[in-house]
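Per-entry structural report
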Amino acid sequence: MRLWKKLLVGAACIALAAFAGMLSRKVEPALATTAGFGGEELHHASHSMPMTLLGQFRTNLDAYLWLKTIDYLHNGIAYRPYTTVERTKGMREHEHDIGGFAKHPCGGPTLIPPKEKDWRGVFGELERNLQPYRPGPARHSDPQELIPWYRIQTMINPLDVNAYATCAFFLTDFAKEPEKALAFLEEGIEKNPHSPVLHQAIGQLYFDKWKRYDQAIPCFQKAIAAGKEIQVRDEAQEKAFGDAYLFLARAYRERGELDAALRTAKEGMAECATNNLIRVIYRVIKKEIDENSPSNTTEPNGQQ
Amino acid sequence: MEAAVGFKELTIGWASLLEAIRRKDIYVMLILSGIIIAVTGIFNAFDVPELRKFMMDVSLSIINVFTVIIAVLVSARQLPYELEHRTLYPMLAKPVGRFQFLMGKFVGTMGLSSAALFMFLAVASVVFVGFGTPLGGMFFQYMYLRWVSLFLICSMTLCLSLVLTHAANVTISLLLCMGASMFTRTVIIVHDSLSPWQQKLITAAYWIFPHLDLFDVSKRVIHGWLPAPSWTLAVMTLYALIYTGIFLGLGHLRFRRLPL
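Quick notes on the rules
Residues numbered from 1 in each chain as written. Chains lettered and ligands numbered in written order. Predicted model: local features only at pLDDT ≥ 70, side-chain atom pairs only at ≥ 80, totals over all residues. Heavy atoms only, no water. Helix = DSSP H or I, 4+ residues; strand = E, 2+ residues; numbered from the N terminus. Polar contact = N/O pair within 3.5 Å; in protein donor to acceptor, adjacent residues only side chain to side chain. Contact = heavy atoms within 4.5 Å. Salt bridge = Lys/Arg side-chain N within 4 Å of Asp/Glu carboxyl O. Buried < 20%, exposed > 50% of the residue type's maximum accessible area, 1.4 Å probe, protein only. Phe/Tyr/Trp six-rings, centres within 6.5 Å; stacked < 30°, edge-to-face > 60°. Axes fitted to C-alpha atoms, helices over the stretch in contact; angles between N-to-C directions. Parallel < 35°, antiparallel > 145°, perpendicular 65-115°, else oblique. Left-handed = near helix turned anticlockwise from the far one by under 90°. Nonpolar A, V, L, I, M, F, W, Y, C, P; charged D, E, K, R; others polar. Buried area = accessible area lost by both parts, 1.4 Å probe.

The name that an unreviewed UniProt entry assigns to chain B is ABC transporter permease, with the source organism given as Candidatus Abyssobacteria bacterium SURF_17.

You'll find chain A entered in an unreviewed UniProt entry as Tetratricopeptide repeat protein, with Candidatus Abyssobacteria bacterium SURF_17 given as the organism.

Set out below in structure tokens:
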């Protein structure tokens, strides 16, 4: 083919792509779908093998990226949980909680065994020198390095609310960018409108960073409502549900609405019996109410 | 005499390279290099600090995977292609021995795989420097070990191509290359939980299987570790050359007896 013919074909392709782009803009409104799936669509999706496989692939990739964040946190050093045999000898990992939902087990041994426990001889020595390895307890890197991975996680699996919440926590506390964290959490709420974790995270952001209690209160209320709808809450949801009560009570207290704060704390104690912080805030509020009640006020003549 | 043998092998190797260029393999490499640039280019969209590690991780992972795939695919098809298309016969009619032919093919596959690797690394280096990431000593050690691992991969795949079908060879070679790390990790974790005879068996398997995972030091580059001691590079080079010799020797034994 001659050069002018090749150029002509190339130009025609570019023109065609541009035309298709223009056409898609015109067609887009007609093809717009509603945000949620209908019951029939969900039924078909749940019974479709390709959809199930794709969903499984997405979940696995999401889990792999989560492991990647742990890898980054430990500067590339791989840690492993204790085996059943080691557990029978009383060995246990301890959990590291650096905040947010980034609680992870890294109190176990390094995957590459230390020299005295390694049966591999020269291969073990080579691996200790060629791969990231440091004996002793785990040391953490700067959590800001994890942020891109959480972003990719949420792109791949927008239903991963823990990735949204943890990334927002790191954006706020380590990158010092609470506005970006808020935008990220709002994006998460769009994809997961019934998540108590994300509503609570937004509320806490308003509460902690900007002291905007008026904006925080509706978020905590939504988190509580969303939490009540869930029959069996997982660990993250349970924590967010309890924290929503705790911070809602604190927000009311900050606004001077002690009765509402006490009611919230009391309800929180009933709903989350294991959350000791709600008990603490309940006692604090009750004490304040007692101190401020007319029966406790001291008369000028010294009588109560 | 030695020089003449070397020349013949290089000529066969050069012919393999030309064949790859004719088959447009080189364009595939260029496209893959372009993908590396595109992937690293999207990082600006994240608008977050501390992207150095992330960028290096994605780039080096892509390089690792693509280099292994190219080395295996190129090596796996050399001998079956020659046998299938009967282009081997005119070659062997000339004063070229079967061992020289095998070595020539090995040189060709090494040349092509090395060209692909260095093309990828050149692109990655430009991107890293462009993003202000300095290339430390560990990066050059990574380059070297990755290149040395190609000796092992190419010789192993060439050897297996003489005993397995093309599809089986590609599958097993890729499994050995990609699954080496998983195998090592599993062996380390389960070793102490096994019975004594199982331990002996798994230890023997551990010592026999080629440890391609040791050649991948990308994690040290990504996480900013200091360069590894030079003796480790020397041992790894020796290790790769020993295995290359074993695989080429076994391949020659099989090729010599192959009825044509």
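**Considering the side chain of Thr 203 of chain B**
As for its position among the elements, Thr 203 of chain B is in helix H9 (residues 196–208). Within the structure, the side chain of Thr 203 of chain B is placed 3.4 Å from the side chain of His 191 of chain B, a separation counted as a polar contact. Not counting residues within four places of it along the chain, the set of residues in contact with Thr 203 of chain B comprises Trp 119 of chain A together with His 191 of chain B.

**Describing the pattern of salt bridges**
Residues and elements named next belong to chain A. A full pass over the atoms with the stated rule returns 16 salt bridges over all chains. A salt bridge links Glu 177 to Lys 180; the shortest N-O distance between them is 3.1 Å. Residue classification places Glu 177 among the partly exposed positions, given a relative accessible area of 23%. Under the relative-accessibility criterion, Lys 180 is labelled partly exposed at 25%. With a closest N to O distance of 2.4 Å, Arg 255 and Asp 214 form a salt bridge. Here Arg 255, found in the loop between helix H11 (235–254) and helix H12 (258–271), pairs with Asp 214, found in helix H10 (residues 213–229); they are 41 residues apart in sequence, far enough to count as distant. Here Arg 255 falls in the partly exposed class, since its relative accessible area comes to 37%. Via salt bridges that share partners, Lys 115, Asp 118, Arg 120, Glu 125, Glu 127 and Arg 128 belong to a single interconnected network.

**A word on the packing of aromatic side chains**
Centre-to-centre distance and the angle between the planes together describe a pair of aromatic rings. What the rule picks out here adds up to 28 aromatic pairs over all chains. Ring geometry for Tyr 206 of chain A and Trp 210 of chain A: centres 5.8 Å apart, planes at 55 degrees, overall tilted. Of this pair, Tyr 206 of chain A and Trp 210 of chain A both sit in helix H9 (residues 196–210), separated by four residues, roughly a single helical turn. Of the residues examined, Tyr 206 of chain A reaches a relative accessible area of 9% and is grouped as buried. Here the aromatic rings of Tyr 243 of chain B and Phe 247 of chain B are separated by 5.9 Å at their centres, their planes lie at 40 degrees, and the arrangement is tilted. Placement of the pair is Tyr 243 of chain B and Phe 247 of chain B together in helix H11 (residues 230–257), with a separation of four residues, close to one helical turn. We classify Phe 247 of chain B as buried; its relative accessible area is 13%.

**A look at the packing of helix H6 (residues 147–156) of chain A against helix H7 (residues 161–173) of chain A**
All names here are of chain A. Remark: H6 packs on H7, axes separated minimally by 9 Å, with the N-to-C direction vectors making an angle of 150 degrees. Taken together, the axes of H6 and H7 lie roughly antiparallel to each other. In this structure, H6 crosses over H7, and the sense of that crossing is left-handed. Between H6 and H7, the residues in contact are Ile 147, Tyr 150, Arg 151, Gln 153 and Thr 154 and Ala 163, Tyr 164, Thr 166, Cys 167, Phe 170 and Leu 171, respectively. Of the residues contributing to the contact of H6 with H7, the split by class is seven nonpolar, three polar and one charged.

**Some details on the interface of chain A and chain B**
Each side of the interface is counted separately: chain A has 37 residues, and chain B has 38 residues. Taking both sides of the interface into account, the surface hidden between chain A and chain B amounts to around 3500 Å²; carbon and sulfur atoms contribute 69%. Our enumeration of links across chain A and chain B arrives at nine residue pairs in polar contact (both at pLDDT 80 or more). Those elements that provide at least two residues to the side of chain A that touches chain B are helix H3 (49–73), helix H5 (122–130) and H6 of chain A. Counting residues per element, the side of chain A that touches chain B draws most heavily on H5 of chain A, at seven residues. Partitioned by chemical class, the residues of the side of chain A that touches chain B number 19 nonpolar, seven polar and 11 charged.

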